[in-house]
Structure formats: C-alpha cells, structure tokens
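# Structural overview for review
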Amino acid sequence: MVGLPSHRGRKRGCGWLAENRGGIEVALDTYNSLLVFGELILFSAVALYSIDYFKKDVKPPLVLLLLVHAGLLGAFISRDLFNFYIFMEIASVSAFSLVGFSGGKEALKAAYKYLMLSLLASYFFVFSIGIIYLKTGYLNLELISQSPPLYPEVEVAVAVAFTSLLLKAGIFPLHTWLPDAHANAPSPVSALLSGAVVKAPGLRHGAPLALPSPPPGERQKCLIVLAFSSMFFGVGVMLLERDIKRFLAYSTVSQMGYVLLGIATLNPMGAVYYAFAHMLFKGGLFLAAGVLVDKFKTRKLEKLSYRGDPPILMVSILTLSLAIGGIWPFVGSPAKAALLKGLPYGKELFYVAGLGTLISFTKLNYYLMRGKRRRYGFTVLPSLIMALAALFAGGISLGGAPQRQWMPVCSWGGSGAIPSA
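Remember, predicted model here, so these are calculated numbers, not experimental data.

### Focus on the overall build of the protein chain
Broken down by element type, the protein chain carries 16 helices and four strands. Taken across its 421 residues, the protein chain has 56% of its residues classed as buried. Contacts in the protein chain between residues at least 24 apart in sequence constitute 80% of all its contacts with a sequence separation of at least 6.

Following this line, the structure appears as structure tokens:
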C-alpha cells in the first residue's frame, strides 16, 4: 500500500502502513475501480449529450453536472463514513437542482419530493453514523467491520443506515421518489441519475457501508425477498407503462433489485459487476430516449419511432435492450451469470424476472419500430457510445471473484495532525 504516512505510521517497503487509520482515507480497489470506470464512461457520454441539450444556457447545468460527477467519484472511493456521507450529499443536492432545472410544474414537484425523501434518509444516516462512532470509536469502514462483536445499539444503527441507503437507491417499496424524478428530469440528468447516482448509496466496496454483511438466516432471507420484490414490481409496471421515461425509470427499480440480490447473497463482485453493467445499458437507454422525446415532443410510446437514416438510434436501442435482457455477448449476460453464482435458492425466480425484462423491452421496441423514418442529428452518438461499451464490456471476462487488491491510498491519522513527508 503506497500513500501518505500518518503521525503514527511505520514504513513498509516503498510506502507506509498506517497503524491509526481512523481519519480520512480514500482507496481504489477491485470493486470500486469498476464503479469509477463505469461512471467515467457514463459521464463522458452525458457531457457530450448535454452540450447540445443545454445549448441555450449551458453553464449552470454543466456546473451542477460536474458537482454530481465529483460527488459520485468521492463517494465511490471514500473509506470512512463521514466523507462518504459528504460526497453523497454533494451529488444528491446537485441532482435535486438538476431535476427541477426545466422549471416545469411536474419537474419542480418531482424535485421537491426527491429532496424531502432524500433529506429524511440523510438525517437517519447521520444519526446512525453518530451511534456507530460513539460505540466503536471509528468512522473508518474497514476498522468498523473488524471491530469486536457489535453492541446492540450499533446493530440497530447499521439497520437504520442500511434502510436509509435503500431509500436513496430507489429499492421497492422505498422507490416512490424515483419514477417522478427520473421521468421529469432533463434527459442527460435522467441518464446520470439512473445510471450512477442511485449506485452511490447502494454500494460501498461491494456492500452498503462495507459493514458486517447480514449472516445467513432471517435477515438474509428478508433481503432476498426484498430484492425479488423490487425486480418483479418494476417489471410489472413496465408492462403497463406507455410513457418511455417512466418505463425506463421503473426498469431502474427492477434493476436495482438485482444489485440488492448480490448484496443479500454475500456476492459483492456480482453486485458491483451488475451495477457497472447497469450504468452502461441504462445510461445509454435514457440518452436514446432523450433523442426521441426531443424530436417528437412527447413521451408517449405510441407516438415515437426510432427508424432513421442512418439507423444509428435503432441499432443503439436494440443493442442496449439485448444487453439489459442479459443476452450474450452483451455485458448483461456475464453480469447476470455473476449474480447467479452466489444465489443459494430462487434461481427459477431469477430466470422469470429476466424473462419479464426481455418481454418488457420487446414491447418497447415493438412501439418504436413503427412510424416514419426520421433524421436524427449529432445527439445519437452518446447512446451509440454506450451501446458499443456494453458490447465491448460483455466480451471481457472478469473471471472468478478476484481477491481484494489495494491500489494507492492517501491516509491521514485520526488525531488531526498534519502528515509529514
């Protein structure tokens, strides 16, 4: 481990190993490096799309998008609870503003609802952090997870923190803010919200908070039931939904169930790999939907068509639909296979949920295949980039779940002393 020494560090090899790791610590490991990589791909495509989308007043939304970007990167690499919370709130507060950026009545209502529920979750999360610190003396995630058997109060605090993060991640039945926020936000914002923002609270080094995972037993069974409930609820609403952006928003509710399933089955690599895959195909689908909504000035499926010359948009949506359905050789296939490896039971339900997703996106493409051919401009390129990324990522095998490997770490001691060179 290479990094900055703390005042109580001892030298080892070419770097330093801090004995006191109670302060600020950031790190890239096997898990969060994949999330960071996916977020960088998604943000690049969103930024490219935003240049044309916000061309009348580009500076304010781009500043807010950069704040979301910075907050997400910070949340993914933070290894102490307080800084994880700070970075997550930077991303969330910027996202509230972006959801209501259009100024429309529905957008402002959605932004207010998102704000209120997210702040409620944040209050409970901070309260839980206080209890954890009071009882363990640590904010560092790894030190907390390695602490002696938890106090009952800490177990309750972890449960409250876990629930608050599930609300921020949009897991059923705590999803009520998500469809309105994702559907009414500007299209590039919808892509970033669905592709990356909901992942920040849901994952920390493969599990929420990286605190002790629920042991096999009743708690694990409850989480598995909750995951499948989110998966099937989202698919059920998608089959009935005729608004393309709400269709994709409810798909996110369903897909986050897959991520929770990886966490519940103690399969961190499966959860992270599926979150990475979801960043690619759902971000691309929202960007493609934005092109259609901007062109036809409606979100009704029966009035939209992706037929064009050249057929770039059609190819992109078809590719991304196959990817989210788990069809080989796209990224969704190995991602779902990674989740199946850790699933102790319920594989039949897993396959049924996957079939439901395929049927839902077959419905989407059935509607979009009709209508006259149109000409689409430069804005089709970001969705094509995401489609190609989904295809390329599907061809790269991650193999078995890798061991935890640490990359360069910056660490400051918990006493507040300034590290020496």
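### Some words on the pattern of salt bridges
Summed over the entire model, instances satisfying the criterion amount to five salt bridges. Lys 113 is paired through a salt bridge with Asp 180; the nearest N and O atoms lie 3.4 Å apart. Taken as a pair, Lys 113 in helix α4 (residues 105–136) and Asp 180 in helix α7 (residues 178–184) lie far apart in primary sequence, 67 residues in all. Looking at Lys 113, the relative accessible area reads 31%, which means it is partly exposed. In this structure, Asp 243 and Arg 299 form a salt bridge, with 2.8 Å as the shortest nitrogen-oxygen distance. Of this pair, Asp 243 sits in the loop between α10 (218–240) and α11 (244–264) while Arg 299 sits in the loop between α12 (268–296) and α13 (312–324), and the two are 56 residues apart along the sequence.

### Points about unusual backbone geometry
Looking along the chain, the bond that leaves Phe 172 and enters Pro 173 is cis, with omega of 5 degrees. Tracing the chain through its elements places Pro 173 in the loop between α6 (152–169) and α7. In this structure, the amide linkage connecting Trp 328 to the following residue, Pro 329, adopts the cis form with an omega of 10 degrees. Structurally, Pro 329 can be placed in the loop between α13 and α14 (332–341). One non-glycine residue with positive phi stands out, namely Lys 297, at about 60 degrees.

### Some thoughts on the packing of aromatic side chains
If you walk through the whole model with that rule in mind, you get 17 aromatic pairs. Ring centres of Phe 233 and Tyr 250 lie 6.2 Å apart, and the angle between their planes is 65 degrees; this geometry places the pair in the edge-to-face category. Of this pair, Phe 233 sits in helix α10 while Tyr 250 sits in helix α11, placing them 17 residues apart in sequence. Residue Phe 233 is classed as partly exposed on the basis of its relative accessible area of 27%. With centroids separated by 6.2 Å and ring planes inclined at 70 degrees, the aromatic side chains of Tyr 274 and Phe 281 adopt a geometry described as edge-to-face. For the pair shown, Tyr 274 and Phe 281 are each scored as buried. Pairwise contacts between aromatic rings join Tyr 258, Tyr 274, Phe 281, Phe 350 and Tyr 351 into one cluster.

### Overview of the environment of Ser 33
Turning to its location among the elements, Ser 33 is positioned in helix α1 (residues 30–53). Ser 33 sits 44 residues away from Ile 77 along the chain, and the two C-alpha atoms are 8.1 Å apart.

### Quick word on the confidence of the model for the protein chain
Do not read the fine detail of predicted coordinates wherever pLDDT is low. Of the residues in the protein chain, 84% have a pLDDT of 70 or more, and the chain-wide mean is 80. Between residues 1–21, whose pLDDT stays under 50, and residues either more than four places distant or in other chains, the model counts 43 contacts.

### Here we look at α14
In terms of burial, α14 is largely enclosed, as seven of its 10 residues are buried. Taken together, the buried positions of α14 are occupied by Gly 332, Ser 333, Ala 335, Lys 336, Ala 338, Leu 339 and Leu 340. Residues of α14 that are buried make contact with α11, α12, α13 and α15 (347–368).

### Brief notes about the packing of α1 against α12
One way to put it is that α1 packs onto α12 with a least axis distance of 8 Å and a crossing angle of 5 degrees. Judged by the inter-axis angle, α1 sits roughly parallel to α12.

### So, the packing of α14 against α15
Contact pair α14 / α15: the axes reach a minimum separation of 11 Å and the direction vectors enclose 160 degrees. Judged by the angle between their axes, α14 and α15 are roughly antiparallel. At the point where α14 passes α15, the crossing takes the right-handed sense. For the pair α14 and α15, the contacting residues are Lys 336, Leu 339 and Leu 340 in the first and Lys 347, Phe 350, Tyr 351 and Gly 354 in the second.

### Here we look at the side chain of Lys 168
Along the polypeptide, Lys 168 turns up in helix α6. By relative accessible area, which is 7% here, Lys 168 ends up buried. Within polar-contact distance, the side chain of Lys 168 engages the side chain of Ser 118 at 2.7 Å. Ignoring sequence-local partners within four residues, the contact set of Lys 168 consists of Met 88, Glu 89, Ser 92, Ser 118, Ala 121, Ser 122, Trp 177, Val 198 and Pro 201.

### Here we look at a nonpolar patch on the surface
Residues Val 63, Leu 67, Phe 82, Ile 86 and Ile 90 make up a contiguous nonpolar surface patch of roughly 390 Å² in combined accessible area. Those elements that provide at least two residues to the nonpolar patch are α2 (59–77) and α3 (81–99). Looking at the nonpolar patch element by element, the count peaks at three residues for α3. The topology assignment puts Phe 82 in helix α3.

About the criteria used
Residues numbered from 1 in each chain as written. Predicted model: local features only at pLDDT ≥ 70, side-chain atom pairs only at ≥ 80, totals over all residues. Heavy atoms only, no water. Helix = DSSP H or I, 4+ residues; strand = E, 2+ residues; numbered from the N terminus. Buried < 20%, exposed > 50% of the residue type's maximum accessible area, 1.4 Å probe, protein only. Contact = heavy atoms within 4.5 Å. Salt bridge = Lys/Arg side-chain N within 4 Å of Asp/Glu carboxyl O. Phe/Tyr/Trp six-rings, centres within 6.5 Å; stacked < 30°, edge-to-face > 60°. pLDDT = per-residue confidence, 0-100. Axes fitted to C-alpha atoms, helices over the stretch in contact; angles between N-to-C directions. Parallel < 35°, antiparallel > 145°, perpendicular 65-115°, else oblique. Left-handed = near helix turned anticlockwise from the far one by under 90°. Polar contact = N/O pair within 3.5 Å; in protein donor to acceptor, adjacent residues only side chain to side chain. Patch = residues over 30% accessible without salt bridge, like charges linked within 9 Å, V, L, I, M, F, W, Y side chains within 5 Å. Areas by Shrake-Rupley, 256 points an atom, 1.4 Å probe, with all protein chains shown as cover.

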